[in-house]
Amino acid sequence: MLVWTLLMCFSPSILGQVVESQFEDDFYSDLSDFDLDIAPRRVPRQVKTILTKESKPHIQELSIKTTIISRYAFTAVSCAMLNRHSAAAQGVFQFQIPAAAYVSNFTMIVGGRVFQSEVRPKEKKVKQGKGENSKPKNKESGDTSSESEVEVFRMAVSIPGRNRAVFLLTYEELLQRRLGRYEHVTSLRPLQLVSRLSLEVTVVDHSPITHLEVLPLRNGKSTSASSAGSNAPKTLVKPEPPITTAIKQEKNFCKITFSPNIVQQAKITTNGNLGDFVIRYDVEREMGIGDIQVLNGHFVHYFAPKDLPVVPKNVVFVIDTSASMLGTKIRQTKDALFTILRDLRPGDNFNFVSFSNRIKVWQPNRLVPVTPLNIRDAKKFIYTLTPTGGTNIDDAIQTSSTLLRDYLSSADVSQNSVSLIIFLTDGRPTVGEIQSPAILGNTRSAVQEKFCIFTIGIGNDVDYRLLERMALENCGMMRRIHEEADASAMLKGFYDEIGTPLLSDIRINYTEDSVQYVTQHLFTNYFNGSEIIIAGKLTNQSAESLHVQVTASNNDKSIILETDVPLRQRQMETEKHVKTATAAAGPEVKPPGSAVTQALGVTLGLIAEDFVERVWGFLSIKEGLRSRLRSQTSRERESHIQQATNLSLAYHFLTPLTNLVVEKPEVLADGTIAPAPTLAPDTSKASSSANELPNDMDEDTPQHLDGKKPGSQSSTLSKITGKVVRRPVKKSITISKTSADGDPHFVVEFPLSKLTVCFNINGEPGHILRLVSDHKYSGVTVNGKLIGAPAPPGSHKQQRTYFSTITIVTDQPKRAYIEVTPKKVILDGHDRMVLPCDSTVAVESGALSVAIVAKSNVTVTIGGTISFVILVHQYKNPAPYQRDHLGFYISNSKGLSHNCHGLLGQFLYEEVGLAEPPANISAQADIKAARVLKVKDRSVPVIQKTRRIYSGTQSVDCWFAKNNAAKLIDGQYEDYLMSHMFDTGDWPHGTNSA
């Protein structure tokens, strides 16, 4: 799960100190730093004049670091502003991000205080009023304004006089291959000259990088789609990258840096609108099923075949000729159509339909083949198009669909040809049927799943939602063309993307029962220069291989590609290039890089270690949003919305279903920031070992954890917005034996029966296990994620698994969660906090309280009646078979209902009995300690064993159930596997059923 890894590196107080110490030099000394490379003696007077006349806070540093690992890009932005005036002033942080990207973190540091954002589900719209009063006091949502292919993230805050603010933004995107290239765009539009500006992009790929180019800074409204239309250079002159650009390239790795000083920026532009920094690259591709990468129980499959014969296409162009197209729009559209006509291939069949309030068909009742005569006549038709009248979208779709559908029913059509409609409009429906639901219904009825519709919207007065749904519901894509964009280039570029079909009816299958939660694996068409990406979870990572089969149609034949993918080899290869990416992102920071800049590299490196899982989450959310638009019933729509929302929250993504909310700094009358509650660390000595509980505990008595030792003078603070309240230290908490720790070994204590039962779960790395499930009643759910490690020498096992993350979700009185790893604790309740596990601290947030004993344990209390203790197992110098991990213990279960379930929760209120085994079993010498356990209505064979618990400080005798606790637990082990860490779904087989 994505957490604020940046804040894992720095506590809030340290971050504030970093900011204050980093920018101690004043504004004018900043200026003198940048006369080293170009200016002979000092900064030019014109530049200094521009800067000194600025009334808004000055951007001292803008640092952008991107790591692209196998097409998945993580970008971290740090912007530091100085208010050099004595009075408070408004600072505006504004940054353009790609429309397809998701913001995953935003944090502000103002006046030494850290203001962290949180992702919340969007509230359902209430018809009464505008809902403005529902926004929390002193909270503000990060604003993203929709534009052509970018969105603008904007946050305005008040910065105290003579003070500084730092804005930290991270976002993620999966690069799409278009026309044989990946394109990564970074917006450099700070809207003022920046004292220290640096951009760094690192590309690491499993496959060798075969093409790399850095384009000149791109300004205006052009987008990747428009520029992609002219990928092939029209001249032999190679475009020069921006000044100061440095490129370091190796076989599978490249690093691009761009760091113009303030004088060089002024030579490009004095208003700070530098433009887009664009990188294009491609990688080598193997023939066959493509590239599959495996990491931590997830896989991602990249499929982009090449050197295949082109499939003939049947295409109908539907062109808006309403009055609003008059002038530049119709002229650019005609230019693009003339170019497209030259690119049609022999074997293709085509037609044109123009529409306004009337419908005109170039060749009624048929599609015509590509011949010189037909091309000439088509150009005449296009030339005579004259804009007039309204916009009858429904009739245009009906006419073109009937035309193409009737043609496809004729006998002489190639069975494996690709059929599509390309629909272009610049307006909303104004004539005929104007209601979007009716138009969409009519379109589905007319298309009958026989072909695809690709839609293009030009300008600002377009119903993009209608065009998007029209395309998604009919296996197509939608493109936007901004009002001031070069429509001719963008239309041509979009046609180039879909004009060369290579495959149709693509189906990608994997070994049955070896994968789950696989993203879209059925595709109508594959176009040359694009790429198909699929991700999923492995249910059995210990398997030696994964069988992959690709079936598709090409021209007049069927294609079957299949192979066995060696999973362990792919895991090792993926880990290798992840290490390359993390090493490249972190250590190398050149002056005048700040501590925050260095932290960005650490952040990106940590996130990259889970990039395959994040690809899966990213694709799953995108798929859920598309399915939402395609839904035909409200129940189906709500299901997709809930699934996509849960994943958005789990990965902390700002999506159309979530809001990013951050507390705004409150500037007091004296110009300072209102004080916030602080977390006081425990000054007492920590326990002697990271893997031991405090050693003043008697092994023969129940364990007590309160994080305090006799004589400790430290106080525990409760975090309440706006003030700090001291409260007495809580009483110690007794841990029961009911737990899941180690490999993991499960122990269940039955006090009424005076029995202890134990079992093992032989899960796979990446599996998420449901430990406690009481969402409907107490509102509490506990999930644990497994991580893998090789077995010690001489062990009979191939690998061992441990809990790497424990998530506790509570829904009463409101939704909140706690996520625990061996390094940090994230508490998201009344406030969002990230607490390091190497500090001793106790905090409260609403009904939740968390007490951390440094490097030892975490106690989570919910409503005073439910408590869990999580042991933190850390290794200073781990052996190859050791992994930092967690142990989970139930301390107080009074608040959990009798309907509680999960691997541990189902036994909290049960009674069990012990009986002698049948005579034929008890007679066997090797199992003299065998018994039969009576649980519910089942008989479970068990044998006596001894388990070490509480980090090995105690032993417990227990009755062991074999085979993944078969018959002991309800259902089967697989029933307890969750889709993600925040999954709160109910037990699917009923409570406590056999």
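Predicted, not measured: the structure shown is a model, and the values here were computed from it.

Draft legend 1. Quick peek at the overall build of the protein. On a plain count of helices and strands, the protein comes out with 17 helices and 54 strands. Taking the intrachain contacts of the protein between residues at least 6 apart in sequence as the baseline, contacts between residues at least 24 apart amount to 70%. For the protein, the computed accessible surface area is about 41300 Å², with 49% contributed by carbon and sulfur atoms.

Draft legend 2. Focus on the packing of helix 11 (residues 464–472) against helix 15 (residues 611–630). Running from amino to carboxyl end, helix 11 crosses helix 15 at an angle of 100 degrees, the nearest separation of the two axes being 9 Å. As judged from the angle between their axes, helix 11 and helix 15 are roughly perpendicular. Side by side, helix 11 and helix 15 meet where Arg465, Glu468, Arg469 and Leu472 of the first sit next to Arg626, Leu629 and Arg630 of the second. Looking at side-chain class alone, the contact of helix 11 with helix 15 contains two nonpolar, no polar and five charged residues.

Draft legend 3. Examining the sheet that holds strand 16 (residues 275–283) more closely. The four strands lie next to each other as 10-11-16-13, forming an open sheet whose pairing is antiparallel. The open sheet has two edge strands, strand 10 (177–178) and strand 13 (209–214), and neither has a second partner. In the sheet, strand 13 pairs with strand 16 via five bridges, with the strands oriented antiparallel. What sits directly across from His211, in strand 16, is Asp282.

Draft legend 4. A look at the pattern of salt bridges. Evaluated as defined, the whole model comprises 30 salt bridges. We note a salt bridge from Glu200 to Lys255, for which the minimum N-O separation is 3.9 Å. With Glu200 in strand 12 (residues 196–204) and Lys255 in strand 15 (residues 253–258), this residue pair connects regions lying 55 residues apart in the sequence. Lys255 matches Glu200 in its accessibility class, with the two residues each being buried. Ionic contacts of the salt-bridge type, sharing partners, join the residues Arg71, Arg177, Asp205, Asp282, Arg285 and Glu531 into one network.

Draft legend 5. Local environment of the sheet that holds strand 17 (residues 291–295). Read from one edge to the other, the open sheet built from four strands follows the order 17-18-29-27, with strand pairing classed as antiparallel. The sheet is open, and its two edges are formed by strand 17 and strand 27 (515–516), each paired on a single side.

Draft legend 6. Fine view of helix 15. The terminal C-alpha atoms of helix 15, which comprises 20 residues, lie 28 Å apart, in line with the 28 Å expected from a rise of 1.5 Å per residue. Summarising burial for helix 15: 17 of the 20 residues are buried, a large majority.

Draft legend 7. Quick look at the side chain of Ser419. Mapped onto the fold, Ser419 is located in strand 23 (residues 418–425). With a relative accessible area of 8%, Ser419 lands in the buried category. For Ser419, the side chain forms a polar contact with the side chain of Asn314, separated by 3.0 Å. Leaving out residues up to four positions away in the same chain, Ser419 has contacts with Asn314, Leu404, Leu408, Phe451 and Cys452.

Draft legend 8. Representation of the packing of aromatic side chains. Scanning the entire structure with this criterion turns up 33 aromatic pairs. Aromatic side chains Phe746 and Phe803 sit 6.5 Å apart centroid to centroid with 80 degrees between the ring planes, which places their arrangement in the edge-to-face category. Within this pair, whereas Phe746 is found in strand 38 (residues 745–750), its partner Phe803 is found in strand 42 (residues 799–810), the two being separated by 57 residues in sequence. On the basis of relative accessible area, Phe746 is assigned to the buried category, the value being 0%. The class of Phe803 is buried, set by a relative accessible area of 0%. An aromatic cluster is present here, built from Tyr72, Phe74, Tyr102, Trp616, Phe618, Tyr651 and Phe653 joined pairwise through their rings. A cation sits over an aromatic face here: Lys334 above Tyr383, 5.9 Å from the ring centre. Seen from the ring of Tyr464, Arg480 lies directly overhead, with NZ or CZ sitting 4.5 Å from the centre.

Draft legend 9. Expanded view of the pairing of strand 46 (residues 841–845). With four of five residues buried, strand 46 lies mostly within the body of the structure. Bridge count between strand 46 and strand 47 (residues 848–853): five bridges; the pairing is antiparallel. From the neighbouring strand, Val841 faces strand 47, where its bridge partner is Ile852. What sits between strand 46 and strand 47 in their antiparallel hairpin is a turn of two residues, with Gly846 showing a positive phi close to 65 degrees.

Draft legend 10. Structural view of the nonpolar core. Counting residues in each nonpolar core, the largest one holds 60 residues, and the members touching the most others are Phe746, Phe759, Leu769, Leu771, Phe888 and Leu968. For this core, the leading source of residues is strand 49 (residues 866–873), giving four residues. Setting aside its immediate chain neighbours within four residues, Leu769 contacts Phe746, Ile761, Val782, Asn783, Gly784, Leu786, Phe803, Leu903, Tyr973, Tyr976 and Leu977. Within the second largest apolar cluster, 50 residues are counted, among which are Ala73, Met81, Tyr182 and Leu649.

Draft legend 11. Seen up close, helix 7 (residues 328–343). For helix 7, spanning 16 residues, the distance from its first C-alpha to its last is 23 Å, which sits close to the expected 22 Å at 1.5 Å a residue. Those residues of helix 7 that fall on the buried side of the exposure criterion are Lys329, Ile330, Gln332, Thr333, Lys334, Ala336, Leu337, Ile340 and Leu341. Those residues of helix 7 hidden inside the fold are in contact with strand 19 (313–320), strand 20 (349–355), helix 8 (372–383), strand 23, strand 24 (452–458) and helix 12 (487–498).

Draft legend 12. Spatial organisation of the pairing of strand 30 (residues 545–554). Note: strand 26 (residues 501–510) against strand 30, five bridges, orientation antiparallel. Residue pairing for strand 30: Tyr510 is matched across the bridge by Val548. Two strands pair when backbone bridges link them, and strand 30 and strand 31 (residues 557–566) are joined in this way by 10 bridges, in the antiparallel orientation. Bridge pairing in strand 31 links Val550 to Leu561. Linking two consecutive strands that pair antiparallel, namely strand 30 and strand 31, is a turn of two residues; a positive phi of about 55 degrees is found at Asn555 within it.

Draft legend 13. Representation of the state of the cysteines. Inspection of the entire model under this criterion finds two disulfides. One disulfide bridge connects Cys452 with Cys475, the sulfur atoms lying 1.9 Å from each other. Disulfide Cys452-Cys475: the torsion about the S-S bond is -105 degrees, which places it as left-handed. Highlighted residues: Cys452 in strand 24 and Cys475 in the loop between helix 11 and strand 25 (478–481), separated in sequence by 23 residues. Residue classification places Cys452 among the buried positions, given a relative accessible area of 1%. A residue is classified by how much of its surface remains accessible, and Cys475, at 33% relative accessible area, is partly exposed. A disulfide bridge connects Cys758 with Cys958, and the sulfur atoms are separated by 2.1 Å. Residues Cys758 and Cys958 share a disulfide whose torsion about the S-S bond is about 75 degrees; that sign makes it right-handed.

Draft legend 14. The arrangement of unusual backbone geometry in detail. Backbone torsion omega between Asp743 and Pro744 reads -5 degrees, so that peptide bond is classified as cis. One can find Pro744 in the loop between strand 37 (739–741) and strand 38. Positioned with a positive phi, Leu191 is a non-glycine residue whose angle comes to about 65 degrees.

Draft legend 15. A look at the environment of Glu473. The topology assignment puts Glu473 in the loop between helix 11 and strand 25. Relative accessible area serves as the criterion here: at 15%, Glu473 is assigned to the buried category. For the pair Glu473 and Leu629, spaced 156 residues apart in sequence, the C-alpha separation works out to 7.9 Å. Reaching out from Glu473, the side chain makes a polar contact with the side chain of Arg469 at a distance of 2.8 Å.

Calculation criteria
- Residues numbered from 1 in each chain as written.
- Predicted model: local features only at pLDDT ≥ 70, side-chain atom pairs only at ≥ 80, totals over all residues.
- Heavy atoms only, no water.
- Helix = DSSP H or I, 4+ residues; strand = E, 2+ residues; numbered from the N terminus.
- Contact = heavy atoms within 4.5 Å.
- Areas by Shrake-Rupley, 256 points an atom, 1.4 Å probe, with all protein chains shown as cover.
- Axes fitted to C-alpha atoms, helices over the stretch in contact; angles between N-to-C directions.
- Parallel < 35°, antiparallel > 145°, perpendicular 65-115°, else oblique.
- Nonpolar A, V, L, I, M, F, W, Y, C, P; charged D, E, K, R; others polar.
- Pairing = 2+ DSSP bridges.
- Salt bridge = Lys/Arg side-chain N within 4 Å of Asp/Glu carboxyl O.
- Buried < 20%, exposed > 50% of the residue type's maximum accessible area, 1.4 Å probe, protein only.
- Expected span 1.5 Å × (residues − 1).
- Polar contact = N/O pair within 3.5 Å; in protein donor to acceptor, adjacent residues only side chain to side chain.
- Phe/Tyr/Trp six-rings, centres within 6.5 Å; stacked < 30°, edge-to-face > 60°.
- Lys NZ or Arg CZ within 6 Å of the ring centre and 35° of its normal.
- Core = buried A, V, L, I, M, F, W, Y, C linked by side-chain atoms within 4.5 Å.
- Disulfide = S-S within 2.5 Å.

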